Amino acid sequence: DAGVTQSPTHLIKTRGQQVTLRCSPKSGHDTVSWYQQALGQGPQFIFQYYEEEERQRGNFPDRFSGHQFPNYSSELNVNALLLGDSALYLCASSWGLAPRTYEQYFGPGTRLTVT
Amino acid sequence: SQQGEEDPQALSIQEGENATMNCSYKTSINNLQWYRQNSGRGLVHLILIRSNEREKHSGRLRVTLDTSKKSSSLLITASRAADTASYFCATARGGSNYKLTFGKGTLLTVNP
């Protein structure tokens, strides 16, 4: 049973560039959430996708956008990169939006470095 | 902003000892979860405790929740070197069970 996968593992970009990160949820899961984790900090919620729609969003600017495909995989796009966007980006999957679906499964993350 | 605050920020113990980490949060919650993270990689779910529960066990893990004090503790008994990792508490509020708010974590080092 494949877990959550993310690509790429590492990425180096220059300020002002755009980046796309990818996530495939755990088999059987249909909901994907994205988190940003700065060095030495806990993860912060960016947004969540269910049924190809953004359902909830954290306190992140519009430079952060996403997409979910019919096969439940998801992309995170960040435009006009800033040095402060350097972080580990984590994808988490779960099943549905029902209150009983508490547990989220996290991928290994994508380490983004902006120079 | 981060809901949970773990205490201590760092903890160093010897193999075989028990490790206790605490978490405080600010608002009412549906549930509180503990996660482990090795070397800045993905998080591994350890245990979930609902707001109407006071204590929960899973193997060598024991979690308590005191909603009146808005605090939780994670106890790892008979620690092993492999338990060395960062431990985070995360809270889920209201209907947003899938939107987790994490603390800054406790870095646990278990010395062999």
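Residues numbered from 1 in each chain as written. Chains lettered and ligands numbered in written order. Predicted model: local features only at pLDDT ≥ 70, side-chain atom pairs only at ≥ 80, totals over all residues. Heavy atoms only, no water.

### Re the overall build of chain B
Inference 1: Across its full length, chain B holds 0 helices and 11 strands.
Inference 2: Starting at the N terminus and ending at the C terminus, chain B contains elements arranged as β-β-β-β-β-β-β-β-β-β-β.
Inference 3: The C-alpha radius of gyration computed for chain B amounts to 13 Å, which stays within 12% of the reference 13 Å derived for 112 residues, consistent with globular compactness.
Inference 4: When each of the 112 residues of chain B is scored for burial, the buried share is 47%. (Helix = DSSP H or I, 4+ residues; strand = E, 2+ residues; numbered from the N terminus. Rg over C-alpha atoms; globule rule 2.2 N^0.38 Å. Buried < 20%, exposed > 50% of the residue type's maximum accessible area, 1.4 Å probe, protein only.)

### Here we look at the side chain of D30 of chain A
Inference 1: Residue position: D30 of chain A is located in the loop between β3 (19-24) and β4 (31-37).
Inference 2: Looking at D30 of chain A, its side chain comes within polar contact range of the side chain of T31 of chain A, at 3.0 Å. (Polar contact = N/O pair within 3.5 Å; in protein donor to acceptor, adjacent residues only side chain to side chain.)

### Quick look at the sheet that holds strand β1 (residues 5-7) of chain A
Residue and element names in this part refer to chain A.
Inference 1: Pairing in this open sheet of 4 strands is antiparallel, and the strands run β1-β3-β8-β7 from one edge to the other. Across the chains shown, the open sheet's two edge strands, defined by having one partner strand only, are β1 and β7 (64-68). Averaged over all adjacent pairs, the angle separating strand axes in this sheet is 20°, with direction ignored. (Pairing = 2+ DSSP bridges. Axes fitted to C-alpha atoms, helices over the stretch in contact; angles between N-to-C directions.)

### Considering the pattern of salt bridges
All names here are of chain B.
Inference 1: Within this structure, the stated rule accounts for 7 salt bridges over all chains.
Inference 2: With a shortest N-O distance of 3.9 Å, K56 and E53 are connected by a salt bridge.
Inference 3: The exposure class assigned to K56 is partly exposed, which follows from its relative accessible area of 25%.
Inference 4: Using a relative accessible area of 24% as the deciding quantity, one classes E53 as partly exposed. (Salt bridge = Lys/Arg side-chain N within 4 Å of Asp/Glu carboxyl O.)

### Quick notes on the state of the cysteines
Inference 1: The full count for this structure, using the stated rule, is 2 disulfides over all chains.
Inference 2: Note that C23 of chain A is cross-linked by a disulfide to C91 of chain A, the S-S spacing being 1.8 Å. Around the S-S axis, the bridge from C23 of chain A to C91 of chain A shows a dihedral of about -55° and counts as left-handed. Separated by 68 residues along the polypeptide, C23 of chain A in strand β3 and C91 of chain A in strand β9 (residues 87-94) bring together distant segments of the chain. Comparing C23 of chain A with C91 of chain A shows no difference in burial state: the two are buried.
Inference 3: Sulfur-sulfur distance for the disulfide between C23 of chain B and C89 of chain B comes to 2.0 Å. Looking along the S-S bond of the C23 of chain B-C89 of chain B disulfide, the torsion reads about 65°, which is the right-handed sense. Placement of C23 of chain B in strand β3 (residues 19-24) and of C89 of chain B in strand β9 (residues 85-93) is noted, with a sequence separation of 66 residues between them.
Inference 4: Residue classification places C89 of chain B among the buried positions, given a relative accessible area of 1%. (Disulfide = S-S within 2.5 Å.)

### Let's talk about the interface of chain A and chain B
By convention, interface size is frequently given as the accessible area that disappears when the constituent parts associate.
Inference 1: With 25 residues of chain A at the contact, the number on the chain B side is 21 residues.
Inference 2: Counting each side, the surface lost to burial between chain A and chain B is near 2100 Å², with a carbon and sulfur contribution of 50%.
Inference 3: Across the contact surface, chain A and chain B share 0 salt bridges.
Inference 4: Seen at the junction of chain A and chain B, the total is 3 residue pairs in polar contact (both at pLDDT 80 or more).
Inference 5: Among the secondary structure elements, those contributing two or more residues to the side of chain A that touches chain B are β4, β5 (44-50), β6 (53-57) and β9 of chain A.
Inference 6: Across the side of chain A that touches chain B, the residue classes break down as 10 nonpolar, 12 polar and 3 charged. (Contact = heavy atoms within 4.5 Å. Buried area = accessible area lost by both parts, 1.4 Å probe. Nonpolar A, V, L, I, M, F, W, Y, C, P; charged D, E, K, R; others polar.)

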